[in-house]
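Here is how the chains run, residue by residue.
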Amino acid sequence: MTAPNYFAGNARVNVGRIQVTTLLDGWLSLDGGAMYGVVPKTLWSQKLPADDQNRVGMAMRPLLVRTPSNLVVVESGIGQAVPPELHERYGIDRTGPWLDELVRNAGEDPEKVDTVVCTHLHWDHAGGLCRMIDDAYRPTFPNAQHVFQAGEWQIATNPTNLHKASYAPPSLLPLAEHGLLKLVSGDCEVVPGVRFEFTNGHTENHAVVWLQDSGESGAFLGDLVPTASHVPLAWISAYDINAGGSWRARESLYPKLAQANAKVFYYHEPEFPVGRVIRDGTRYRHSGLT
Ligand SMILES: [Zn+2]
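Residues numbered from 1 in each chain as written. Predicted model: local features only at pLDDT ≥ 70, side-chain atom pairs only at ≥ 80, totals over all residues.

Chemist: Explain the nonpolar core to me, please; I cannot follow it from the model alone.
Modeler: Judged by nonpolar contacts, the single largest core of 79 residues is most densely connected at Val-65, Val-73, Val-117, Val-208, Val-209, Ala-219 and Leu-221. When residues of this core are assigned to their parent elements, the largest contribution, five residues, is made by strand β14 (residues 207-213). (Core = buried A, V, L, I, M, F, W, Y, C linked by C-beta atoms within 7 Å. Buried ≥ 20, exposed ≤ 12 C-beta atoms within 10 Å, placed from the backbone. Helix = DSSP H or I, 4+ residues; strand = E, 2+ residues; numbered from the N terminus.)

Below, the structure is given as structure tokens:
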């Protein structure tokens, strides 16, 4: 990753008493036309520059979330789910520490992570849930309950031809074998201060993750809004399995984000891992935290 302005650090912000640290699992580059759907290149290339293969560079930023009662990881990075021979195709730059080491570097014992939550289980979000040790995948957080939408787990572990390029079942199944799964359906509390809001859109069972404490709010938007440049309502990725569902979810979610003055966390954003979604006349746009 050669772009000079991309943020390779860890942002630390509070949501009430909840402490959030953005981790950096690595980088990937995907076709800009696919990432921005119907938006013409003349517009999106002003936000993220295309490389010589028309790809835009993006980060993968799981969260480490310390609430007063729980130690939570949101999303898991790409881990080892994509074989190295495919890294060039997707522009994957995955040379840093593995997720458990990222958590340790941020000051927490991975064995003490008690909850893992994912917006969806595509390989660039769920590939780090298990780690390859001696040719076998083992849970990265062996003492954590892994809370996923049940429909997402079903599709991820039994993908049809429509889905199989997006999921890596061998990197997921050990979670069930180790009894670490908690499958839920729809909106629900994950642990106190952390809850799912079901959205559909990017996948059939995509859900965003709200953080709430002491009257303050945060929201991890997963791939409903992968980068800050995707905030405008129509800037919906062609990777979304249901673009209309993404549109409706954004129309429902944005007023709540603005009303709550929520800090929003963008998983794939290369420069601004945290910001806000604010109303600007009849539209919504990304803003910095200040
Ligand atoms: Zn993604």
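Chemist: What exactly am I supposed to notice about the sheet that holds strand β13 (residues 194-198) here?
Modeler: Paired through backbone hydrogen bonds, the strands of a sheet run either parallel or antiparallel to each other. With respect to topology, seven strands assemble into an open sheet ordered β12-β13-β14-β15-β16-β17-β18, the strand pairing being mixed. Of all the strands in the sheet, the pair left with one neighbour each is β12 (188-191) and β18 (283-287). Sheet twist, expressed as the mean angle between neighbouring strand axes with direction ignored, is 30°. As judged from the two bridges shared by strand β16 (residues 263-265) and strand β17 (residues 274-280), these two strands associate in the antiparallel manner. The partner of Phe-265 across the bridge, within β17, is Val-274. Contacts from helix α7 (residues 243-259) reach β14, β15 (216-220), β16, β17 and β18, with the element oriented near 105° to β17. (Pairing = 2+ DSSP bridges. Axes fitted to C-alpha atoms, helices over the stretch in contact; angles between N-to-C directions. Contact = placed C-beta atoms within 7 Å.)

Chemist: Sorry if this is basic, but what is going on with the sheet that holds strand β5 (residues 63-66) here?
Modeler: An order of β1-β2-β5-β6-β7-β10-β11 is seen for the seven strands of this open sheet, with the pairing classed as mixed. Unpaired on one side and paired on the other, β1 (12-15) and β11 (181-184) mark the two borders of the sheet. Strand-to-strand twist across the sheet, computed as the mean angle between neighbouring axes with direction ignored, equals 25°. Relative to strand β7 (residues 115-117), strand β6 (residues 71-74) is paired through three bridges, and the arrangement is parallel. Paired with Val-73 across the two strands is Val-116, which belongs to β7. Against the sheet, helix α5 (residues 150-157) engages β10 (145-149) and β11, with an angle of about 90° to β10.

Chemist: Is there a simple way to think about α7 in this case?
Modeler: For α7, with 17 residues, the first-to-last C-alpha span of 24 Å sits near the 24 Å given by 1.5 Å per residue. Taken as a whole, α7 carries its principal kink of about 25° at Leu-253; the proline Pro-255 stands between one and four residues after it. For α7, the complete set of buried residues consists of Ser-246, Ala-249, Arg-250, Leu-253, Tyr-254 and Leu-257. Taken together, the buried residues of α7 touch β14, β15, β16, β17 and β18. Asn-261 lies just past α7 and shows a positive phi near 50°. (Expected span 1.5 Å × (residues − 1). Bend = angle between axes of the 7 residues up to and from the residue.)

Chemist: Even after reading the chapter, I still don't get the pairing of β12, so can you show me in this structure?
Modeler: Successive residues of a regular strand alternate their side chains across the two faces of the sheet. Here β12 runs beside β13; their pairing, made up of three bridges, is antiparallel. Looking across to β13, one finds that Cys-188 is bridged to Phe-196. Taken together, β12 and the strand that follows it, β13, pair antiparallel across an intervening segment of two residues, in which Gly-193 is found at a positive phi of about 90°.

Chemist: Even after reading the chapter, I still don't get the pairing of strand β9 (residues 136-139), so can you show me in this structure?
Modeler: Two strands pair when backbone bridges link them, and strand β8 (residues 130-133) and β9 are joined in this way by four bridges, in the antiparallel orientation. Note that in β9 the partner of Met-132 across the bridge is Tyr-137. Between β8 and β9, which pair antiparallel and follow one another directly, the connecting turn spans two residues, one of which, Asp-134, has a positive phi of 50°.

Chemist: Looking at this model, I keep getting lost on α5. Mind explaining?
Modeler: In an α-helix, one full turn covers 3.6 residues, which means residues spaced three or four apart are oriented alike. Buried within α5 are the following residues: Glu-152, Trp-153, Ile-155 and Ala-156. Here the buried face of α5 lies against β10 and β11.

Chemist: Where do I start with the environment of Ala-81 in this structure?
Modeler: Assignment of secondary structure puts Ala-81 in the loop between β6 and α3 (99-105). Note: C-alpha distance between Ala-81 and Tyr-284 (203 residues apart in sequence) is 35 Å. Apart from the residues lying within four places of it in its own chain, the contact partners of Ala-81 are Trp-123, Gly-127, Ala-168 and Ser-171.

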